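# Summary of structural features
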Amino acid sequence: MKTFKEEVTDRINDNGQNVELIEAAHAFTKASITSKYSYNFSWLGRPIIQYPQDMIATQEIIWEVKPDIIIETGIAHGGSLIYYASLLELIGHGDVMGIDIDIRAHNRAAIEAHPMFKRISLLEGSSIAPDIVEQVRDVAEGKRTLVVLDSNHTHDHVLAELVAYAPLVSVGSYCVVMDTVVEDMPEDFFPDRPWGKGNNPKTAVWEFLKTHPEFEIDKSIEHKLLITVAPDGYLRRVK
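Read on for a plain summary of the structure.

Parameters at a glance
- Residues numbered from 1 in each chain as written.
- Predicted model: local features only at pLDDT ≥ 70, side-chain atom pairs only at ≥ 80, totals over all residues.
- Heavy atoms only, no water.
- Helix = DSSP H or I, 4+ residues; strand = E, 2+ residues; numbered from the N terminus.
- Buried < 20%, exposed > 50% of the residue type's maximum accessible area, 1.4 Å probe, protein only.
- Lys, Arg positive; Asp, Glu negative; His and termini not counted.
- Salt bridge = Lys/Arg side-chain N within 4 Å of Asp/Glu carboxyl O.
- Polar contact = N/O pair within 3.5 Å; in protein donor to acceptor, adjacent residues only side chain to side chain.
- Contact = heavy atoms within 4.5 Å.
- Phe/Tyr/Trp six-rings, centres within 6.5 Å; stacked < 30°, edge-to-face > 60°.
- Lys NZ or Arg CZ within 6 Å of the ring centre and 35° of its normal.
- 1 Å grid on protein atoms, 1.4 Å probe; cavity = no way out; pocket = protein on both sides within 12 Å on 5 of 7 lines; lining within 4 Å.
- Points joined across faces, edges and corners; volume = space filled by probe spheres on them.
- Nonpolar A, V, L, I, M, F, W, Y, C, P; charged D, E, K, R; others polar.
- Pairing = 2+ DSSP bridges.
- Axes fitted to C-alpha atoms, helices over the stretch in contact; angles between N-to-C directions.

### Observations regarding the side chain of D100
- You can see D100 is positioned in strand β4 (residues 95-100).
- Buried charge without a salt bridge: D100, with R104 as the nearest opposite-charge side chain at an N-O distance of 7.7 Å.
- A polar contact of 3.0 Å, which involves the side chain of D100, links it to the backbone nitrogen of D102.
- D100 has contacts with G74, I75, A76, L123, E124 and G125, leaving out every residue within four places of it along the chain.

Set out below in C-alpha coordinates:
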(Lines give C-alpha, C1' and ligand atoms only; values in the text may rest on other atoms or scores of the structure.)
Protein backbone atom coordinates (compact mmCIF):
# COMPACT_ATOMS: atom_id res chain seq x y z
CA MET A 1 0.00 0.00 0.00
CA LYS A 2 1.40 3.39 -0.98
CA THR A 3 1.96 6.12 1.54
CA PHE A 4 0.21 9.46 1.18
CA LYS A 5 3.48 11.04 0.03
CA GLU A 6 3.95 8.34 -2.62
CA GLU A 7 0.40 8.88 -3.87
CA VAL A 8 1.00 12.63 -4.14
CA THR A 9 4.27 12.08 -6.01
CA ASP A 10 2.58 9.72 -8.47
CA ARG A 11 -0.24 12.20 -9.04
CA ILE A 12 2.22 15.03 -9.67
CA ASN A 13 4.10 12.88 -12.17
CA ASP A 14 0.85 11.99 -13.91
CA ASN A 15 -0.16 15.67 -14.06
CA GLY A 16 3.16 16.45 -15.67
CA GLN A 17 2.29 14.06 -18.51
CA ASN A 18 -1.38 15.07 -18.85
CA VAL A 19 -1.46 16.95 -22.15
CA GLU A 20 -5.06 18.13 -21.76
CA LEU A 21 -4.39 19.49 -18.29
CA ILE A 22 -1.14 21.16 -19.34
CA GLU A 23 -2.82 22.84 -22.31
CA ALA A 24 -5.66 24.09 -20.09
CA ALA A 25 -3.15 25.48 -17.60
CA HIS A 26 -1.23 27.25 -20.36
CA ALA A 27 -4.44 28.75 -21.74
CA PHE A 28 -5.37 30.03 -18.30
CA THR A 29 -1.90 31.46 -17.77
CA LYS A 30 -1.99 33.34 -21.07
CA ALA A 31 -5.48 34.75 -20.42
CA SER A 32 -4.69 35.61 -16.81
CA ILE A 33 -1.56 37.59 -17.71
CA THR A 34 -3.63 39.70 -20.07
CA SER A 35 -6.21 40.35 -17.35
CA LYS A 36 -3.54 41.06 -14.69
CA TYR A 37 -4.82 38.21 -12.52
CA SER A 38 -1.72 38.29 -10.30
CA TYR A 39 -2.67 41.80 -9.15
CA ASN A 40 -5.77 40.43 -7.39
CA PHE A 41 -3.99 39.25 -4.24
CA SER A 42 -2.42 40.63 -1.10
CA TRP A 43 -0.68 39.17 1.94
CA LEU A 44 -1.31 40.63 5.39
CA GLY A 45 -2.44 43.87 3.79
CA ARG A 46 0.25 44.35 1.14
CA PRO A 47 -0.21 43.70 -2.61
CA ILE A 48 1.80 40.60 -3.51
CA ILE A 49 1.47 40.54 -7.34
CA GLN A 50 2.13 36.81 -7.57
CA TYR A 51 0.16 33.70 -8.46
CA PRO A 52 -1.11 31.87 -5.36
CA GLN A 53 0.33 28.64 -6.79
CA ASP A 54 3.86 30.06 -6.77
CA MET A 55 3.43 31.37 -3.25
CA ILE A 56 2.38 27.94 -2.01
CA ALA A 57 5.40 26.41 -3.73
CA THR A 58 7.64 28.99 -2.08
CA GLN A 59 6.07 28.17 1.28
CA GLU A 60 6.93 24.51 0.79
CA ILE A 61 10.52 25.41 -0.09
CA ILE A 62 10.90 27.70 2.91
CA TRP A 63 9.59 25.00 5.24
CA GLU A 64 11.98 22.46 3.72
CA VAL A 65 15.06 24.68 3.65
CA LYS A 66 14.43 26.80 6.78
CA PRO A 67 16.78 29.49 5.48
CA ASP A 68 18.75 31.88 7.64
CA ILE A 69 18.15 34.53 4.99
CA ILE A 70 15.93 35.01 1.96
CA ILE A 71 17.22 37.47 -0.64
CA GLU A 72 14.72 38.91 -3.12
CA THR A 73 15.45 41.29 -5.98
CA GLY A 74 12.46 43.42 -6.93
CA ILE A 75 10.25 44.72 -4.13
CA ALA A 76 7.26 46.52 -5.71
CA HIS A 77 4.69 46.93 -2.89
CA GLY A 78 6.54 44.57 -0.56
CA GLY A 79 3.89 41.86 -0.35
CA SER A 80 6.27 39.01 -1.05
CA LEU A 81 8.75 40.33 1.53
CA ILE A 82 5.96 40.37 4.11
CA TYR A 83 4.93 36.88 3.02
CA TYR A 84 8.43 35.44 3.45
CA ALA A 85 8.91 37.22 6.76
CA SER A 86 5.61 35.90 8.13
CA LEU A 87 6.59 32.33 7.27
CA LEU A 88 9.97 32.79 8.92
CA GLU A 89 8.17 34.22 11.94
CA LEU A 90 6.09 31.03 12.18
CA ILE A 91 9.25 28.95 11.89
CA GLY A 92 10.89 31.18 14.48
CA HIS A 93 14.05 31.80 12.50
CA GLY A 94 15.42 33.79 9.57
CA ASP A 95 15.46 37.21 7.93
CA VAL A 96 14.56 38.70 4.54
CA MET A 97 16.52 41.19 2.45
CA GLY A 98 14.74 43.05 -0.35
CA ILE A 99 16.63 44.84 -3.11
CA ASP A 100 15.15 47.31 -5.58
CA ILE A 101 16.55 50.06 -7.78
CA ASP A 102 13.68 52.35 -6.70
CA ILE A 103 11.88 51.80 -3.40
CA ARG A 104 9.08 54.32 -3.60
CA ALA A 105 8.50 56.34 -0.46
CA HIS A 106 4.93 55.18 0.14
CA ASN A 107 5.91 51.53 -0.29
CA ARG A 108 8.89 51.90 2.03
CA ALA A 109 6.70 53.57 4.67
CA ALA A 110 4.10 50.79 4.48
CA ILE A 111 6.71 48.04 4.68
CA GLU A 112 8.55 49.65 7.57
CA ALA A 113 5.28 50.12 9.46
CA HIS A 114 4.29 46.48 9.09
CA PRO A 115 4.59 44.09 12.09
CA MET A 116 6.73 41.75 9.97
CA PHE A 117 9.31 44.41 9.22
CA LYS A 118 11.26 43.17 12.24
CA ARG A 119 12.58 40.40 9.98
CA ILE A 120 13.10 42.57 6.87
CA SER A 121 15.91 44.81 5.63
CA LEU A 122 15.72 46.97 2.49
CA LEU A 123 18.54 47.81 0.12
CA GLU A 124 18.02 50.43 -2.58
CA GLY A 125 20.07 50.24 -5.76
CA SER A 126 20.55 48.13 -8.85
CA SER A 127 20.66 44.46 -7.95
CA ILE A 128 23.63 43.95 -10.26
CA ALA A 129 25.65 46.98 -9.13
CA PRO A 130 28.98 45.79 -7.66
CA ASP A 131 28.51 47.65 -4.37
CA ILE A 132 25.02 46.19 -3.87
CA VAL A 133 26.20 42.66 -4.69
CA GLU A 134 29.09 43.04 -2.26
CA GLN A 135 26.76 44.16 0.54
CA VAL A 136 24.46 41.19 -0.05
CA ARG A 137 27.36 38.75 -0.13
CA ASP A 138 28.62 40.10 3.18
CA VAL A 139 25.20 39.58 4.78
CA ALA A 140 24.71 36.08 3.33
CA GLU A 141 28.20 34.75 4.04
CA GLY A 142 28.06 31.49 5.97
CA LYS A 143 24.26 31.44 6.07
CA ARG A 144 21.68 29.02 4.71
CA THR A 145 20.41 31.13 1.83
CA LEU A 146 17.39 31.15 -0.49
CA VAL A 147 17.28 33.57 -3.45
CA VAL A 148 14.31 34.90 -5.44
CA LEU A 149 15.00 36.94 -8.58
CA ASP A 150 12.10 39.16 -9.63
CA SER A 151 13.35 42.52 -10.86
CA ASN A 152 14.20 43.57 -14.43
CA HIS A 153 13.21 40.62 -16.64
CA THR A 154 15.61 41.10 -19.56
CA HIS A 155 17.99 38.25 -20.41
CA ASP A 156 21.16 40.20 -19.65
CA HIS A 157 19.93 41.53 -16.32
CA VAL A 158 18.67 38.19 -15.04
CA LEU A 159 21.81 36.41 -16.19
CA ALA A 160 23.91 38.98 -14.31
CA GLU A 161 21.73 38.41 -11.22
CA LEU A 162 22.20 34.66 -11.51
CA VAL A 163 25.96 35.04 -11.75
CA ALA A 164 25.95 37.37 -8.73
CA TYR A 165 23.48 35.67 -6.40
CA ALA A 166 23.14 31.99 -7.32
CA PRO A 167 26.55 31.19 -5.74
CA LEU A 168 25.11 32.35 -2.40
CA VAL A 169 22.46 29.62 -2.47
CA SER A 170 23.11 26.74 -0.10
CA VAL A 171 23.17 23.13 -1.29
CA GLY A 172 19.60 21.84 -1.09
CA SER A 173 18.17 25.34 -1.30
CA TYR A 174 16.82 27.20 -4.32
CA CYS A 175 17.34 30.15 -6.61
CA VAL A 176 13.82 30.92 -7.83
CA VAL A 177 13.71 32.90 -11.07
CA MET A 178 10.31 34.50 -11.56
CA ASP A 179 8.54 35.36 -14.83
CA THR A 180 10.31 32.77 -16.95
CA VAL A 181 6.81 32.37 -18.42
CA VAL A 182 7.59 35.32 -20.72
CA GLU A 183 9.35 32.88 -23.06
CA ASP A 184 6.18 30.80 -23.38
CA MET A 185 4.00 33.68 -24.48
CA PRO A 186 3.49 34.76 -28.11
CA GLU A 187 5.75 37.23 -29.89
CA ASP A 188 5.02 40.87 -28.96
CA PHE A 189 2.94 39.79 -25.96
CA PHE A 190 4.70 42.46 -23.87
CA PRO A 191 4.89 45.39 -26.32
CA ASP A 192 5.47 47.99 -23.60
CA ARG A 193 8.33 46.10 -21.92
CA PRO A 194 12.03 45.72 -22.79
CA TRP A 195 11.71 41.93 -22.49
CA GLY A 196 9.87 39.38 -24.61
CA LYS A 197 10.28 36.06 -26.40
CA GLY A 198 13.99 35.30 -26.75
CA ASN A 199 14.95 37.95 -24.20
CA ASN A 200 13.69 37.04 -20.74
CA PRO A 201 14.38 35.21 -17.48
CA LYS A 202 13.97 31.73 -18.98
CA THR A 203 16.56 32.35 -21.69
CA ALA A 204 18.87 33.60 -18.93
CA VAL A 205 18.26 30.42 -16.92
CA TRP A 206 19.06 28.23 -19.90
CA GLU A 207 22.28 30.16 -20.56
CA PHE A 208 23.31 30.05 -16.90
CA LEU A 209 22.77 26.31 -16.58
CA LYS A 210 25.13 25.58 -19.49
CA THR A 211 28.09 26.33 -17.20
CA HIS A 212 26.63 25.72 -13.74
CA PRO A 213 25.95 22.01 -13.22
CA GLU A 214 25.60 22.63 -9.49
CA PHE A 215 22.02 23.74 -10.24
CA GLU A 216 19.15 21.74 -11.71
CA ILE A 217 15.63 22.72 -12.72
CA ASP A 218 13.21 21.13 -10.26
CA LYS A 219 10.59 19.98 -12.74
CA SER A 220 8.53 18.33 -9.99
CA ILE A 221 7.47 21.79 -8.79
CA GLU A 222 6.36 22.82 -12.28
CA HIS A 223 4.42 19.55 -12.69
CA LYS A 224 2.79 20.12 -9.31
CA LEU A 225 1.75 23.71 -9.99
CA LEU A 226 0.94 23.61 -13.73
CA ILE A 227 -0.13 27.26 -13.37
CA THR A 228 3.05 29.21 -12.61
CA VAL A 229 4.94 32.29 -13.75
CA ALA A 230 8.20 30.41 -13.18
CA PRO A 231 8.37 27.37 -15.52
CA ASP A 232 12.01 26.19 -15.53
CA GLY A 233 12.57 28.82 -12.84
CA TYR A 234 12.81 26.70 -9.70
CA LEU A 235 16.55 26.02 -9.59
CA ARG A 236 17.69 23.67 -6.85
CA ARG A 237 21.34 23.62 -5.86
CA VAL A 238 22.42 19.98 -5.84
CA LYS A 239 26.15 20.32 -5.19
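### Considering the packing of aromatic side chains
- Across all of its chains, the model carries seven aromatic pairs by this definition.
- Taking 5.2 Å as the distance between ring centres and 75 degrees as the angle between the ring planes, the aromatic pair formed by Y37 and Y51 counts as edge-to-face. Taken together, the residues Y37 in the loop between α2 (19-34) and β1 (42-43) and Y51 in the loop between β2 (46-47) and α3 (52-65) connect sequence positions 14 residues apart.
- The buried category is assigned to Y51, whose relative accessible area is 2%.
- Taken together, a centroid distance of 4.7 Å and an interplanar angle of 85 degrees make the contact between W43 and Y83 edge-to-face. Within this pair, whereas W43 is found in strand β1, its partner Y83 is found in helix α4 (residues 79-91), the two being separated by 40 residues in sequence.
- For W43, a relative accessible area of 31% corresponds to the partly exposed category.
- Residue class for Y83 comes out buried when judged on its relative accessible area of 4%.
- Taken together, F28, Y37, F41 and Y51 form an aromatic cluster joined through their ring pairs.
- Positioned over the ring face of Y39 is K36, at 5.7 Å from the centre of the ring.

### What to know about the layout of surface pockets
- Quantified by volume, the largest pocket comes out at close to 1,400 Å³.
- Taken together, 46 residues make up the lining of the largest pocket; nearest its centre are Y39, I49, H153, R193 and W195.
- Those elements that place two or more of their residues in the lining of the largest pocket are α2, α4 and β4.
- Split into classes, the residues belonging to the lining of the largest pocket amount to 20 nonpolar, 17 polar and nine charged.
- There is about 410 Å³ of room inside the second largest pocket.

### A closer look at the sheet that holds strand β9 (residues 234-237)
- The strand order across the open sheet formed by seven strands is β5-β4-β3-β6-β7-β9-β8, and the pairing between neighbours is mixed. Edge strands, defined here as strands with exactly one partner in the open sheet, are β5 (120-124) and β8 (215-217). Taking each pair of neighbouring strands and ignoring which way they run, the sheet shows an average axis angle of 20 degrees.
- Bridging between strand β3 (residues 69-73) and strand β6 (residues 145-149) involves five bridges; their strand directions are parallel. Counted as the bridge partner of I69 is T145 from β6.
- On top of the sheet, helix α7 (residues 155-165) reaches β3, β4, β6, β7 (174-177) and β9; it is set at about 175 degrees to β6, its chief contact.

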